[in-house]
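Structural description and commentary
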Amino acid sequence: MTGATTVESVTVIATESLSKRYPRVTALDRLSVDVPPGVTGLVGANGAGKSTLIKILLGLSPATEGRASVLGLDVATEGPAIRERVGYMPEHDCLPPDVSATEFVVHMARMSGLPPTAARERTADTLRHVGLYEERYRPMGGYSTGMKQRVKLAQALVHDPKLVLLDEPTNGLDPVGRDEMLGLIRRVHTDFGISVLVTSHLLGELERTCDQVVVIDGGRLLRFSATDEFTQATGSLAVEVTDTDACPDGTAALHAALTREGLAVQPAGHAADGSPVPGRVLLVDVADESTYDTVRDAVAGLGLGLVRMEARRHRIAEVFHDGPEQRPAGREADRSERQQRDQNGGAPDAA
Ligand SMILES: Nc1ncnc2c1ncn2[C@@H]1O[C@H](COP(=O)(O)OP(=O)(O)OP(=O)(O)O)[C@@H](O)[C@H]1O
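Computed from a predicted structure; not experimentally measured.

1. Remarks on the environment of His159
Structurally, the position occupied by His159 is in the loop between helix 6 (145–157) and strand 7 (163–166). Classification of His159 by C-beta neighbours within 10 Å gives buried; the count is 22. It is 31 Å that separates the C-alpha atoms of His159 and Glu65, two residues lying 94 residues apart in sequence. Excluding its chain neighbours within four sequence positions, the residues that come into contact with His159 are Gly87, Ala109, Ser112 and Leu114.

This is the structure in structure tokens:
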């Protein structure tokens, strides 16, 4: 790691062979990763080491081995300076029920060193940003899970940090609540220029939100990719067609036609990783943009009706078995040895 100014412009988080061992479990195992500015997903199954990494990055828990820096500051020696510049949204419910969102967020702003007037102004702005303005004087005990998650996000943002660490912010939310929270998280970066590290056990939701994704399992780095590299590398297209009198088995006819065109097609009912797919849906590997045209032309050529043609969310299993991890172009990402996985035990799910 180089001097603070240089590192800050290139990476917001850098870890080097970072390990955390508890008496019975290794929570982080020689993790080396350089995270650039932007929105970064940290994905892993329960117990993969996500919360442990966040606590080390905040300077709240010492690493057993290795080094880490946040915004160019050393986590071992500069914890207070890191916590001044970094916001943290914990995973668990930590909100006092008898207190209003305004009182709580003002209190957190004051704890972060803001003077009273600035704390009140920033609280109002931040609660408005997360969509809680109307309810801000109600006690939080009566809030829905989604509202509580928004308060937790607001208190992480109130002191205008350079970086926020969000631990499972979509936990407990229904699909609409998830989408809203993910939209808010994206805007934290686009509207305010704040970098974000957001954890989840759902790869799919992070793919839509993040510029890059770090996948860990058993405390080890499995993969670090720019999100678009991810989707390109593993994308497939789900295609379903109708039968016609001329083509009584439209699915089989289309399968044959696409294979003749040189596309890789999984037989109906199966994905490459063995996961079940609805009976009449063909999965076509997306080689490039022309794949969509080829499928459309083949369906039209056979005179079939197109029921659906949609990019399929891939399972993280496919990522696990997809060869060496990729790195965002031009960045030195992983300096540690890579662990080859024989099986996908305890892998997180795609959304
Ligand atoms: N204080 C602790 N003492 C002992 N073991 C711990 C402690 N904290 C975490 N662990 C263990 O370290 C491993 C990683 O835990 P961690 O909480 O970092 O995972 P996670 O990816 O955040 O999962 P989750 O989303 O379930 O919290 C787990 O096996 C966990 O049981």
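2. Some words on the site of the ligand
Close contacts around the ligand come from Tyr22, Val25, Ala27, Gly44, Asn46, Gly47, Ala48, Gly49, Lys50, Ser51, Thr52 and Glu168, and that covers them all. In terms of residues, the shell around the ligand owes the most to one element, helix 2 (residues 50–57), which gives three residues. By residue class, the composition of the shell around the ligand is four nonpolar, six polar and two charged.

3. Considerations on the sheet that holds strand 3 (residues 39–43)
As a general point, the strands of a sheet are linked pairwise by backbone hydrogen bonds and lie either parallel or antiparallel. With respect to topology, six strands assemble into an open sheet ordered 6-7-8-3-9-10, the strand pairing being mixed. Unpaired on one side and paired on the other, strand 6 (86–89) and strand 10 (220–226) mark the two borders of the sheet. Along the sheet, successive strands turn relative to each other by an average axial angle of 15°, direction set aside. One ladder, built from four bridges, connects strand 3 with strand 9 (residues 212–217); its direction is parallel. When the sheet's bridge partners are listed, Thr40 is paired in strand 9 with Gln212. Where helix 6 meets the sheet, it contacts strand 6 and strand 7, and its direction lies at approximately 165° from that of strand 6.

4. Notes on the nonpolar core
The biggest cluster of nonpolar side chains holds 66 residues, and the ones touching the most others in it are Val70, Val105 and Val164. No other element matches the six residues that helix 4 (residues 101–111) contributes to this core. Excluding residues within four positions of it along the chain, Val164 makes contact with Val86, Gly87, Met89, Ala156, Leu157, Val188, Ile194 and Val196. Within the second largest apolar cluster, 17 residues are counted, among which are Leu263, Val284, Val295 and Ala298.

5. Brief notes about the pairing of strand 3
Taken across its five residues, strand 3 has five buried, putting it largely inside the fold. Residue alternation in strand 3 divides its side chains into two sets, Val39, Gly41 and Val43 and Thr40 and Leu42, and both sets are buried. Pairing between strand 3 and strand 8 (residues 195–200): five bridges, direction parallel. Looking at strand 8, one finds that Gly41 is bridged to Val198.

6. Brief notes about unusual backbone geometry
Of note in this structure, Arg30 is not a glycine but carries a positive phi near 50°. Structurally, Arg30 can be placed in strand 2 (residues 26–35). Positive phi, normally seen in glycine, also occurs at Glu168, with a value near 50°. Its place among the elements puts Glu168 in the loop between strand 7 and helix 7 (175–192). Looking at Glu168, the number of C-beta atoms within 10 Å reads 19, which means it is partly exposed.

7. Overview of the domain arrangement of the protein
With domains assigned, the protein is organised as domain 1 (4–231) and domain 2 (236–312). The C-alpha centroid of domain 2 is placed 41 Å from the C-alpha centroid of domain 1.

8. Focus on the sheet that holds strand 5 (residues 73–74)
The antiparallel open sheet is built from four strands, whose spatial order is 2-1-4-5. The strands lining the two open edges of the sheet, one partner per strand, are strand 2 and strand 5. In this sheet, strand 2 lies alongside strand 1 (residues 13–21) in antiparallel orientation, the contact comprising six bridges. Across the sheet, residue Arg21 finds its bridge partner in strand 2, namely Thr26. Its contacts with the sheet put helix 2 on strand 1, strand 2 and strand 4 (65–70), and the angle it makes with strand 1 is roughly 115°.

Cut-off values and rules
- Residues numbered from 1 in each chain as written.
- Predicted model: local features only at pLDDT ≥ 70, side-chain atom pairs only at ≥ 80, totals over all residues.
- Helix = DSSP H or I, 4+ residues; strand = E, 2+ residues; numbered from the N terminus.
- Buried ≥ 20, exposed ≤ 12 C-beta atoms within 10 Å, placed from the backbone.
- Contact = placed C-beta atoms within 7 Å.
- Near = placed C-beta within 6 Å.
- Nonpolar A, V, L, I, M, F, W, Y, C, P; charged D, E, K, R; others polar.
- Pairing = 2+ DSSP bridges.
- Axes fitted to C-alpha atoms, helices over the stretch in contact; angles between N-to-C directions.
- Core = buried A, V, L, I, M, F, W, Y, C linked by C-beta atoms within 7 Å.
- Domains from an automatic or database assignment.

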